[in-house]
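Chain and residue survey
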Amino acid sequence: MMFKNWFKIKKKDNKNNIEERNIEESYTEEEKVEEKIAEDIVERKDAEEANAEGREAEVTNAEDKIVEESDVESKKEEEKDIEKEAEEKLKKGFNLFDRLKSGLNKTRKGMVEKIDAILKSYSKVDDELFDELEEILVTADVGINTTMKIIDRLRDRVKGEKVSDPDKIKELLKEEIKEIMTESIVDNKLNVEKSPSVILVVGVNGVGKTTTIGKLSYKLKTSGKKVIVAAGDTFRAAAIEQLEEWSIRSGTELVKHSEGADPAAVIYDGIQATKSRKADVLICDTAGRLHNKKNLMNELNKIFRVIDKEFSEANKEVLLVLDATTGQNAINQAKEFKDVCDITGVALTKLDGTAKGGIVIAIQSELGLPVKLIGVGEKVEDLQEFNIDDFVNALFS
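The structure displayed is predicted, hence computed values, not measured ones. (Residues numbered from 1 in each chain as written. Predicted model: local features only at pLDDT ≥ 70, side-chain atom pairs only at ≥ 80, totals over all residues. Heavy atoms only, no water.)

When helices and strands are tallied, the protein shows 13 helices and 8 strands. Across the 397 residues in the protein, those meeting the buried criterion constitute 41%. Counting only contacts in the protein whose residues sit at least 6 apart along the sequence, the fraction spanning at least 24 positions is 77%. Summed over all atoms, the accessible surface of the protein reaches about 22600 Å², with 49% contributed by carbon and sulfur. (Helix = DSSP H or I, 4+ residues; strand = E, 2+ residues; numbered from the N terminus. Buried < 20%, exposed > 50% of the residue type's maximum accessible area, 1.4 Å probe, protein only. Contact = heavy atoms within 4.5 Å. Areas by Shrake-Rupley, 256 points an atom, 1.4 Å probe, with all protein chains shown as cover.)

Written out as structure tokens, the structure reads:
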């Protein structure tokens, strides 16, 4: 009886276990189906996201293309604007000769217009006329010696050509000034055509030396030259700072040391930088404040030795900067520097600020120094290469 009951219970348990397994298997199948559905959903989502990203990428690429096209168009517009501005300047007659004429206005009024007035007041050519012309030239800082030469030659031509009309004197005077300016000068061109070239800039403080270097570096850079500037005036912190500003404006490299450093060491580093960077022109600033001629000579000779030893292959220019507004004092400065070093050319600044532009004639005639650069205004383009014909024509125009 007990065995029978046990068998019934066991049978019942087996039946329950089978049902439980069936239920578990049923649940397992449902879970698999649900998991499958969930996987399908995830896959669909991933696919949708991938498609969306693809569409976004296409949109981004399209936008980038539009931006690129816009940049190209913008660049073309800028180029058109530059061309248009250049054309407008040409139409207005904007050129260097006009700027030169404008820069010589004060000298023209102080010299040429007075000559015109004198010539109009005379009905014949006589000694008194020559005396008055002589006075005008001297007061315009042409210099006594140069003026005497010009007037003597003018007298000889008037006598030889039998000129009796005062109106014809002006043209003869113009020709004589050109002649006397060219006699002792071989060339007024700055010697930087061949690379490498080094320009050593000398002059006293206050003449516009630093500004001349800045404008010259800008001028050379825009002409296609690779320029390096060496800040050799270590006695003045302001000189180094000014050259830093100009180097930023002109896009040229500046080699500098701290205030009070050895100028020759700065020039040495400038030479090494010029060589390693394969630059075309090295412009060297020098001190303009030294106690006496001996100190000046020693300092410059030290720099010359460094250049000769380290940069013997370079074309060399020693450019003396003079202030045109100082008149005969500029002549005296030129004589001092000429005694100290071999000056190859003069940069005459602030010519627009004086009525005594005759100093240009005196520098070339009396000192035999070629004027290579002239400053006729504040703008960068107002530092011009000097040309005798252009100068005289602009003065007498």
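So that's the structure; there's more coming.
One can describe the packing of helix 4 (residues 127-139) onto helix 5 (residues 144-160) by two numbers: an axis separation of 9 Å at closest approach and a directional angle of 150°. Put simply, helix 4 runs roughly antiparallel to helix 5. Where helix 4 crosses over helix 5, the handedness of that crossing is right-handed. For the pair helix 4 and helix 5, the contacting residues are Asp-127, Phe-130, Asp-131, Leu-133, Glu-134, Leu-137 and Val-138 in the first and Ile-144, Thr-147, Met-148, Ile-150, Ile-151, Leu-154, Arg-155 and Val-158 in the second. Of the residues assigned to the contact of helix 4 with helix 5, the class counts are 10 nonpolar, 1 polar and 4 charged. (Axes fitted to C-alpha atoms, helices over the stretch in contact; angles between N-to-C directions. Parallel < 35°, antiparallel > 145°, perpendicular 65-115°, else oblique. Left-handed = near helix turned anticlockwise from the far one by under 90°. Nonpolar A, V, L, I, M, F, W, Y, C, P; charged D, E, K, R; others polar.)

Here we come to the nonpolar core. Membership of the largest hydrophobic core comes to 79 residues, with the highest contact counts inside it found for Ile-177, Met-181, Leu-348, Leu-351, Val-360, Ile-363 and Phe-391. If sequence neighbours within four positions are ignored, Leu-348 has contacts with Leu-322, Asp-323, Ala-324, Ile-359, Val-360, Ile-363, Leu-373, Ile-374 and Gly-375. Counting 21 residues, the second-largest nonpolar core is a separate cluster that includes Leu-220, Ile-240, Leu-243 and Val-281. (Core = buried A, V, L, I, M, F, W, Y, C linked by side-chain atoms within 4.5 Å.)

For the structure on display, the rule yields 18 salt bridges. Notably, a salt bridge pairs Asp-127 with Arg-155, separated by 2.9 Å at the nearest N-O pair. Residue Asp-127 is located in helix 4, and its partner Arg-155 is located in helix 5; the two are separated by 28 residues in the primary sequence. What makes Arg-155 partly exposed here is its relative accessible area of 27%. (Salt bridge = Lys/Arg side-chain N within 4 Å of Asp/Glu carboxyl O.)

A few words on the sheet that holds strand 5 (residues 315-323). Across the sheet, which stays open at both edges, the 8 strands sit in the order 3-2-4-1-5-6-7-8 with mixed pairing between neighbours. If you trace the sheet from one side to the other, it starts and ends with strand 3 (253-255) and strand 8 (383-385), each paired once. Taken over all neighbouring pairs, the strand axes of this sheet differ in orientation by 25° on average, direction set aside. In this structure, strand 5 lies alongside strand 6 (residues 345-349), joined through 5 bridges in parallel fashion. In the sheet register, Leu-322 faces strand 6, and the bridge partner there is Leu-348. (Pairing = 2+ DSSP bridges.)

Our next topic: helix 9 (residues 263-276). Helix length check: helix 9, at 14 residues, gives a terminal C-alpha distance of 20 Å against a target of 20 Å (1.5 Å per residue), a fit within 8%. Buried within helix 9 are the following residues: Pro-263, Ala-264, Val-266, Ile-267, Gly-270, Ile-271, Ala-273 and Thr-274. Its side-chain oxygen placed 3.2 Å from the backbone nitrogen of Ala-264, Asp-262 serves as the N-cap of helix 9. Lys-278 occupies a position one or two residues after helix 9 and carries a positive phi of about 55°. (Expected span 1.5 Å × (residues − 1). Polar contact = N/O pair within 3.5 Å; in protein donor to acceptor, adjacent residues only side chain to side chain.)

The next subject is the pairing of strand 7 (residues 371-375). When you tally the buried positions in strand 7, you get 5 out of 5 residues, the bulk of the element. Of the strand pairs in this sheet, strand 6 and strand 7 are connected by 3 bridges, and their pairing is parallel. Residue pairing across strands places Leu-348 opposite Ile-374, the latter belonging to strand 7. Running through helix 12 (residues 359-366), the crossover from strand 6 to the neighbouring parallel element strand 7 is right-handed. (Right-handed = clockwise from strand over helix to strand, strands pointing away.)

With an omega dihedral of 0°, the bond running from Ser-195 to Pro-196 counts as a cis peptide bond. Here Pro-196 lies in the loop between helix 6 (169-182) and strand 1 (197-202). Phi is positive for Lys-162, which is not a glycine, with a value near 55°. Along the chain, Lys-162 turns up in the loop between helix 5 and helix 6. Phi is positive for Lys-278, which is not a glycine, with a value near 55°. In this fold, Lys-278 is placed in the loop between helix 9 and strand 4 (281-285).

Further remarks concern the side chain of Lys-209. Its place among the elements puts Lys-209 in helix 7 (residues 209-222). Ignoring anything within four residues of it in the chain, the contact list for Lys-209 reads Val-201, Val-202, Gly-203, Val-204, Asp-233, Asp-285, Thr-286, Gly-288 and Val-321.

On to the side chain of Thr-252, then. Looking at the secondary structure, you find Thr-252 in the loop between helix 8 (237-250) and strand 3. Since its relative accessible area comes to 9%, Thr-252 is described here as buried. Only 2.8 Å separates the side chain of Thr-252 from the side chain of Ser-250, close enough to count as a polar contact.

Turning our eyes to something else, we now look at the pairing of strand 4. In terms of burial, strand 4 is largely enclosed, as 5 of its 5 residues are buried. Side chains Val-281, Ile-283 and Asp-285 project from strand 4 onto one buried face, and the interleaved Leu-282 and Cys-284 project onto a second face that is buried too. When strand 2 (residues 227-230) meets strand 4, the two strands line up parallel, connected through 4 bridges. Bridge pairing links Val-229 to Ile-283 in strand 4.

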